[in-house]
Every structure is written in structure tokens, then in C-alpha cells.
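What follows is each chain in one-letter form.
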Amino acid sequence: QVQLVESGGGLVQAGGSLRLSCAASGIISAINTMGWYRQAPGNQREWVATINRYDMTTYADNVKGRFTISRDNAKNTVYLQMNSLKPEDTAVYYCNANLIPAMTPYAMIIWGKGTLVTVSS
């Protein structure tokens, strides 16, 4: 019942910007952390950024200073603002959440289906 849906992917030129959104739907008691991962063709899925319940953020080294993760608790939504995009940022970007569904004391980890970001040179 609980789902994550990403949006905002598309085609952008190198040096441009893009903002991704990920909305959690369903009956949710709390969201502990939300994050972004990405996977380029032929590559392993890699971690990009995470934000916890206290709005503390962490970033992969190759996106520090260019990407910003944020969340809107009222909307159960996480965002990824991507600036100064490079061709090597091209990938499918996946949303991830550690959350507690309603009517249960147990946290679970869920994934979205991804949104494609293509950065042209």
C-alpha cells in the first residue's frame, strides 16, 4: 500500500539544472530517512544523498556542492535539486525511504521505480 513515486526527470544540457521529486503515498506513521540512488547503464546502483528526520543531509563525494536534498514532511515528499549537471550524472534516479507504515511499529525500506535523467554534452 505504501509507495514512492519519482518525477522530474528529463533531458538537460551539461551545466544545467533539474529538480527531482519523490512522493510517498499510503498510510504512513513516520518517515525516518529518505534518499536518492542512481544507476547508469552498465553500472552498479550508487548512493547519491540522504536526509534524516532531523533534516541532516549527507552526500556522495561526486555530487557534493552540486546537489541538494530536502524534504517536505507535510507532503511526505523528498526533493533533489541538481545543479551544474555533468554527462556522468546520466542515470535512472531512484527514491528510497525508511519509514513506518500506519498500524505497525516496524520500519521498512521501500523503493520507487525510478526517473530517467539524461545530461547531454
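For clarity, every value in this text was computed on a predicted model and none was experimentally measured. (Residues numbered from 1 in each chain as written. Predicted model: local features only at pLDDT ≥ 70, side-chain atom pairs only at ≥ 80, totals over all residues. Heavy atoms only, no water.)

K.L.:
I keep staring at the overall build of the protein and nothing clicks. Help me out?
P.N.:
Regarding its fold elements, the protein presents 0 helices and 11 strands. A compact globule built from 121 residues would reach a C-alpha radius of gyration of about 14 Å, and the protein, at 14 Å, matches this within 12%. C-alpha atoms of the protein, sized along the principal axes, occupy 50 × 25 × 25 Å. Buried positions account for 42% of the 121 residues belonging to the protein. The long-range fraction of contacts in the protein, counting pairs at least 24 apart against all pairs at least 6 apart in sequence, stands at 55%. Distance between charge centroids for the protein: 4 Å, based on 10 positive and 7 negative side chains. (Helix = DSSP H or I, 4+ residues; strand = E, 2+ residues; numbered from the N terminus. Rg over C-alpha atoms; globule rule 2.2 N^0.38 Å. Buried < 20%, exposed > 50% of the residue type's maximum accessible area, 1.4 Å probe, protein only. Contact = heavy atoms within 4.5 Å. Lys, Arg positive; Asp, Glu negative; His and termini not counted. Charge placed at Lys NZ, Arg CZ, Asp CG, Glu CD.)

K.L.:
Is there a simple way to explain the side chain of Thr 77 in this structure?
P.N.:
Among the secondary structure elements, Thr 77 is positioned in strand E8 (residues 77-82). Residue Thr 77 is classed as buried on the basis of its relative accessible area of 7%. A polar contact is formed between the side chain of Thr 77 and the backbone oxygen of Lys 75, at a distance of 2.9 Å. Once you skip the residues sitting within four places of it in the chain, Thr 77 turns out to touch Cys 22, Ala 23, Met 34, Ser 70, Arg 71 and Asp 72. (Polar contact = N/O pair within 3.5 Å; in protein donor to acceptor, adjacent residues only side chain to side chain.)

K.L.:
Looking at this model, I keep getting lost on the sheet that holds strand E3 (residues 18-25). Mind explaining?
P.N.:
In any sheet, the strands associate via hydrogen bonds between backbone groups, in a parallel or an antiparallel arrangement. Ordered by their spatial adjacency, 4 strands build an open sheet running E1-E3-E8-E7, and the pairing between neighbours is antiparallel. In this open sheet, the two edge strands, each paired with only one partner strand, are strand E1 (3-7) and strand E7 (67-72). Strand-to-strand, the axes of this sheet are offset by a mean angle of 15 degrees, without reference to chain direction. The pairing of E7 with E8 spans 6 bridges and is classified as antiparallel. Bridging across to E8, Ser 70 finds its partner in Tyr 79. (Pairing = 2+ DSSP bridges. Axes fitted to C-alpha atoms, helices over the stretch in contact; angles between N-to-C directions.)

K.L.:
Whenever I open this one, the nonpolar core confuses me. Can you help?
P.N.:
Formed by 32 residues in total, the largest nonpolar core has its most connected members in Met 34, Trp 36, Leu 80, Met 82 and Tyr 93. Residue assignment for this core shows that the elements contributing at least two residues are E3, strand E4 (28-39), strand E5 (46-52), E7, E8, strand E9 (91-101) and strand E11 (115-120). In this view, Leu 80 contacts Leu 18, Arg 19, Leu 20, Trp 36, Val 48, Ala 49, Phe 67, Thr 68, Ile 69 and Tyr 93; residues no more than four positions away in its chain are not counted. (Core = buried A, V, L, I, M, F, W, Y, C linked by side-chain atoms within 4.5 Å.)

K.L.:
Any chance you could explain the pattern of salt bridges here in plain terms?
P.N.:
Side-chain pairs of opposite charge can arise whenever the charged atoms involved come near each other. Evaluated as defined, the whole model comprises 4 salt bridges. Close ionic contact of Arg 38 with Glu 46 constitutes a salt bridge, the shortest N to O distance being 2.6 Å. One salt bridge connects Asp 61 with Lys 64, and the closest N-O pair in it is separated by 3.1 Å. The class of Asp 61 is exposed, set by a relative accessible area of 64%. The structure contains a network of salt bridges with shared partners spanning Arg 38, Glu 46, Arg 66 and Asp 89. (Salt bridge = Lys/Arg side-chain N within 4 Å of Asp/Glu carboxyl O.)

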